[in-house]
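One-letter residues, chain by chain:
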Amino acid sequence: MKARSRRRISEDALRSLPAVGLLALVTSCAHLPIKSTFDPRASPIDPRDIVFEDAEIDRGRVQPEMLRPPSEAYLLGPGDVLEIEVSEIEDTLSRTYIMPDGLVYFNLAGGVRAEGLTTAELTLKLQEVLAADYAKPIVNVTLVEVKSRRYWILGRVYAPGIYPLRQPTSLLEAISMAGGLFAARFSGRTEELADLGNSVLIRDGKILPIDFVELVREGDTSQNVFLRHNDFIYLPSAQSSRVLLLGAVQKPQAVSFRDSLSLVEAMAYGAGPLAAASLTKVVILRGSIKDPQVAIVDFKAILTGKETDLALQPGDIIWVPKDIWDKPEEYVDLILQDAVRTIAINEGANSVGSDQETVITIPAGGG
């Protein structure tokens, strides 16, 4: 039997194997001797290095309006706490909150829609409703606590989590309110623990063109944007030793990187590709979010022994597509966003620290 046929693994067989058996099989297959007869001097086939090309991504620049505090009036939303009173009418002062359905309940007014209104607009609406019970009522509405507007900040800060957006808040102010970046115990240098080159701000499902290196290290105020509702800030660890496996695989996950890790081994940890996966154009990303590099890999050729396995590095992102595509640069930004959301969801669940199952949704678009 020829060496190549001995090392051939059918794609269907790979998909049908359980994760543990698959890992053992593909790992052993990747190290079979290249000769048809046993030779004790033969060396295992070492994974080869990956050849990358620069990925051209144009996210534009920070727009001037992003650097100005929001000027529009605050719109009320579910969870916001209000104090409402009818002037000169005793015992009408009440603290209440806007219900999940957007209604607020006060006095004889019953349920009044408050979501999407300013406090001034809600005041007028309550006066109209209460006019049936009071003669020319004068209503006072005060916003006591903001809970419907928020932003996320996760990663290498001292107090990661969800923060209410009570007032105009810049990116640097958000980092400061989260306790600042982790500092190394001995040197005190924050860049040792926070990977500023891969830090991101996601808004409406898109990565904004923020240069965190310039912002944090150089104090470049042209990067200090004001936050919006549902903004998502993520400052990853510079000491991460994981490879992300995403896309059309059975179990997308972060794979721990120890001494070494190959592409076949990483795919095995994900229990193999889905039946609909396109294996001839698997994408591997490496480098920073600002300047990523991309490699297109024929994983099917590796499985069938036509190509040698590939050596990965910590921080690599593997993305298995479902469809055949022509221009990888069209997918790089989507892959990066998917990667950021995947990592951040895991860290978000850890930051909550609850025994109950936590579901965290990072907005992929819209408000």
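What counts and what doesn't
Residues numbered from 1 in each chain as written. Predicted model: local features only at pLDDT ≥ 70, side-chain atom pairs only at ≥ 80, totals over all residues. Heavy atoms only, no water. Helix = DSSP H or I, 4+ residues; strand = E, 2+ residues; numbered from the N terminus. Buried < 20%, exposed > 50% of the residue type's maximum accessible area, 1.4 Å probe, protein only. Polar contact = N/O pair within 3.5 Å; in protein donor to acceptor, adjacent residues only side chain to side chain. Contact = heavy atoms within 4.5 Å. Phe/Tyr/Trp six-rings, centres within 6.5 Å; stacked < 30°, edge-to-face > 60°. Pairing = 2+ DSSP bridges. Lys, Arg positive; Asp, Glu negative; His and termini not counted. Salt bridge = Lys/Arg side-chain N within 4 Å of Asp/Glu carboxyl O. Patch = residues over 30% accessible without salt bridge, like charges linked within 9 Å, V, L, I, M, F, W, Y side chains within 5 Å. Areas by Shrake-Rupley, 256 points an atom, 1.4 Å probe, with all protein chains shown as cover. Charge placed at Lys NZ, Arg CZ, Asp CG, Glu CD.

Observations regarding the side chain of S170
Assignment of secondary structure puts S170 in the loop between β8 (161–164) and α5 (171–177). According to the relative accessible area criterion, S170 is buried, its value standing at 5%. Polar contacts involving the side chain of S170 include one to the side chain of N224, which spans 3.5 Å. In this structure, S170 is in contact with N224, V225, F226 and L227, ignoring residues within four places of it in sequence.

Structural notes on the packing of aromatic side chains
Inspection of every chain in the model, using the stated rule, returns three aromatic pairs. Ring plane angle 15° and centroid distance 5.7 Å describe the contact between Y151 and Y163, whose orientation is recorded as stacked. Here Y163 lies in strand β8 and Y151 lies in strand β7 (residues 150–155), a separation of 12 residues in the sequence. For the pair Y151 and Y163, one class covers both residues: buried.

Quick look at the pairing of strand β15 (residues 292–297)
The pairing of strand β1 (residues 53–54) with β15 spans two bridges and is classified as antiparallel. When the bridges of β15 are listed, D54 appears paired with Q293. Pairing analysis gives six bridges linking strand β14 (residues 282–287) to β15, with the strands arranged antiparallel. Bridge assignment links G287 to a residue of β15, and that residue is P292. From the end of β14 to the start of β15, which pair antiparallel, there are four residues.

Points about the side chain of D80
Here D80 lies in the loop between β1 and β2 (81–86). At 6.1 Å, R149 is the nearest oppositely charged side chain to D80, a buried residue that forms no salt bridge. A distance of 2.9 Å separates a polar atom in the side chain of D80 from the backbone nitrogen of G77. For D80, the side chain forms a polar contact with the main-chain nitrogen of S148, separated by 2.9 Å. If we skip the residues at most four places from it in the chain, D80 touches Y74, L75, T96, Y97, I98, L143, E145, V146, K147 and S148.

Here's the deal with a negative patch on the surface
A cluster of acidic residues, E53, D54, E56 and D291, forms a negative patch on the protein surface. Mapping D54 onto the fold places it in strand β1. In this structure D54 comes out as exposed when scored by relative accessible area, which is 56%.

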